[in-house]
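Chain residues, written in single-letter form:
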Amino acid sequence: MTNMQIFQVIEEAIKKPPIPHEPAKQSLKAWAMYCLRDRGFKVVYAQNADFAIEMKGGEKMYFKVANTDDNLDPQFGWIVWDSATKTASLVPPQ
């Protein structure tokens, strides 16, 4: 699977989640990790990010979560929650 295909599956996981994100009930990080695990991703601990997705072969993609798309570090993939539209979006790493 190419990175582009992986990002498409990630985006689908957060655009059509198994459960809606309810900020009062769970953190954005926990919700995002749950959505990705539900799609079969191996979500693991990451020291310098909120979590990582481990690919076959041991390669990892690092992700962080945010409630605004201001000042996002381009070395990470980001899952950004828009509280106005109540939707999440994916910002792939550069």
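Residues numbered from 1 in each chain as written. Predicted model: local features only at pLDDT ≥ 70, side-chain atom pairs only at ≥ 80, totals over all residues. Heavy atoms only, no water.

Participant: So what exactly am I meant to see when it comes to the overall build of the protein here?
Facilitator: Broken down by element type, the protein carries 2 helices and 5 strands. Taking 2.2 N^0.38 as the reference for a compact globule, 94 residues should give roughly 12 Å; the C-alpha atoms of the protein span a radius of gyration of 12 Å, in line with that estimate. Principal-axis analysis of the C-alpha atoms places the extent of the protein at approximately 40 × 30 × 25 Å. By the burial criterion, 36% of the 94 residues in the protein qualify as buried. In the protein, of all internal contacts separated by at least 6 residues, the share reaching a separation of at least 24 is 29%. Accessible surface for the protein amounts to roughly 6,000 Å². Of this, 49% is attributable to carbon and sulfur atoms. Across the protein, 11 positive and 11 negative side-chain charges occur, with their mean positions spaced 7 Å apart. (Helix = DSSP H or I, 4+ residues; strand = E, 2+ residues; numbered from the N terminus. Rg over C-alpha atoms; globule rule 2.2 N^0.38 Å. Buried < 20%, exposed > 50% of the residue type's maximum accessible area, 1.4 Å probe, protein only. Contact = heavy atoms within 4.5 Å. Areas by Shrake-Rupley, 256 points an atom, 1.4 Å probe, with all protein chains shown as cover. Lys, Arg positive; Asp, Glu negative; His and termini not counted. Charge placed at Lys NZ, Arg CZ, Asp CG, Glu CD.)

Participant: Please clarify how the pairing of strand E5 (residues 87–91) should be interpreted in this entry.
Facilitator: For a regular strand, side-chain orientation follows a simple rule: the groups alternate between the two sheet faces. On E5, burial follows the alternation: Ala-88 and Leu-90 on one face are buried, whereas Thr-87, Ser-89 and Val-91 on the facing-out side are not. The pairing of strand E4 (residues 77–82) with E5 spans 5 bridges and is classified as antiparallel. Within E5, the residue paired with Val-80 across the bridge is Ser-89. Hairpin remark: E4 followed by E5, antiparallel, with 4 residues in the connecting loop; positive phi at Lys-86, about 55°. (Pairing = 2+ DSSP bridges.)

Participant: What's the story with helix H1 (residues 3–15) in this structure? I'm lost.
Facilitator: In an α-helix, one turn spans 3.6 residues; hence positions three or four apart end up facing the same way. Here H1 is 13 residues long and its end C-alpha atoms lie 18 Å apart, about the 18 Å a rise of 1.5 Å per residue gives. Of the positions making up H1, those classed as buried are Ile-6, Phe-7, Ile-10, Ala-13 and Ile-14. Here the buried residues of H1 occupy an arc of 120° about the axis, which is enough to place them on one side. Turned more than 90 degrees away from the buried face of H1, the exposed residues are Met-4 and Gln-8. If you follow the buried residues of H1, they end up packed against helix H2 (28–38), strand E2 (51–54), strand E3 (60–66), E4 and E5. (Expected span 1.5 Å × (residues − 1). Arc of directions from axis to C-beta.)

Participant: Can you walk me through the side chain of Gln-26 in this structure?
Facilitator: For Gln-26, the location among the structural elements is in the loop between H1 and H2. At 3.0 Å, the side chain of Gln-26 forms a polar contact with the backbone nitrogen of Glu-22. If sequence neighbours within four positions are ignored, Gln-26 has contacts with Ile-19, Pro-20, His-21 and Trp-31. (Polar contact = N/O pair within 3.5 Å; in protein donor to acceptor, adjacent residues only side chain to side chain.)

Taken by themselves, the reported measurements are silent on function.
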